[in-house]
Amino acid sequence: MCRLARGEDGRWLWTSWSEGETDLNSLAHPFDPDCVKDEFARYDSEEPPREDVVAWDAWDNRWDELMAQQTRGAVLLAHQGCGYWDWLVVSGPRRGSVWDDARGVDVPLRQ
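Rules used throughout
- Residues numbered from 1 in each chain as written.
- Predicted model: local features only at pLDDT ≥ 70, side-chain atom pairs only at ≥ 80, totals over all residues.
- Heavy atoms only, no water.
- Helix = DSSP H or I, 4+ residues; strand = E, 2+ residues; numbered from the N terminus.
- Buried < 20%, exposed > 50% of the residue type's maximum accessible area, 1.4 Å probe, protein only.
- Contact = heavy atoms within 4.5 Å.
- Areas by Shrake-Rupley, 256 points an atom, 1.4 Å probe, with all protein chains shown as cover.
- Pairing = 2+ DSSP bridges.
- Axes fitted to C-alpha atoms, helices over the stretch in contact; angles between N-to-C directions.
- 1 Å grid on protein atoms, 1.4 Å probe; cavity = no way out; pocket = protein on both sides within 12 Å on 5 of 7 lines; lining within 4 Å.
- Points joined across faces, edges and corners; volume = space filled by probe spheres on them.
- Nonpolar A, V, L, I, M, F, W, Y, C, P; charged D, E, K, R; others polar.
- Expected span 1.5 Å × (residues − 1).
- Arc of directions from axis to C-beta.

Glancing now at the overall build of the protein. On a plain count of helices and strands, the protein comes out with two helices and six strands. Helices and strands in the protein line up, N terminus first, as β-β-α-α-β-β-β-β. For the protein, with 111 residues in total, the buried portion stands at 31%. Summarising the internal contacts of the protein: among those between residues at least 6 apart in sequence, 40% fall at separations of at least 24. Surface summary for the protein: the accessible area is close to 7400 Å², and the carbon and sulfur share equals 51%.

In C-alpha cells form, the structure reads like this:
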C-alpha cells in the first residue's frame, strides 16, 4: 500500500513507488498531455545508432524527460498495477479531472 508522506527535503511525496512519482516542481504548469506531441515525432526520427553509446544513452534519457513533461500539472493519484497509473490534474483548464496512464503499453494519456 502506498501512502503520502514528507520526504527528507520536507516536500510531500507518495512513498513505496519506484517510478512515476509526482514532480512537485511542475505542479504550477498547466496540464497538457499534448505539449510534447511534435517533440515525440522528432524524437522517433532522431534515434542514433546503438554503437554510439553516448549519443544513444542521451537520446534514450530524452524519452523519460518527454514522458515527465506530459504529466506536469498533475499529481500521481494511484498505481493500478503493471505500470498503469491514475493522475489527478491540479492546474490548467483540465484541473479536477483524472487521467488514465497506460503509456507503458503505448496507449496515450486519456481522461
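After that view of the structure, there is still more to cover.
Note: strands within a sheet are paired through backbone hydrogen bonds, in either parallel or antiparallel orientation. Strand order in this open sheet of four strands is β3-β4-β5-β6, and the pairing throughout is antiparallel. Looking at strand neighbours, the two that pair on one side only are β3 (74-81) and β6 (107-110), the edges of this open sheet. In this sheet, adjacent strand axes meet at a mean angle of 20 degrees when their direction is disregarded. Judged from the six bridges that link them, β3 and strand β4 (residues 84-89) form a sheet pairing that is antiparallel. Bridge pairing in β4 links A78 to D86.

The next thing to look at is the layout of surface pockets. In this model, the second largest pocket occupies a volume close to 250 Å³. Along the walls of the second largest pocket sit 14 residues, with F40, Q70, R103, P108 and L109 positioned nearest its centre. Secondary-structure elements contributing two or more residues to the lining of the second largest pocket are α1 (37-45), α2 (53-70) and β6. Looking at the lining of the second largest pocket, its residues break down into eight nonpolar, one polar and five charged.

Outside of glycine, negative phi angles account for most residues, and trans bonds account for most peptide bonds. The phi torsion at D106 lies on the positive side, around 60 degrees, for a residue other than glycine. Among the structural elements, D106 can be located in the loop between β5 (98-102) and β6. Exposure remark for D106: the relative accessible area of 69% places this residue in the exposed category.

Under the 1.5 Å per step criterion, the end-to-end length of α2 is 27 Å for 18 residues, consistent within 8% with the ideal 26 Å. The complete set of buried residues in α2 reads W56, W59, L66, M67 and Q70. Seen end-on, α2 carries its buried residues on one side only, within an arc spanning 100 degrees. Structurally, α2 contributes buried residues whose contacts are with α1 and β6.

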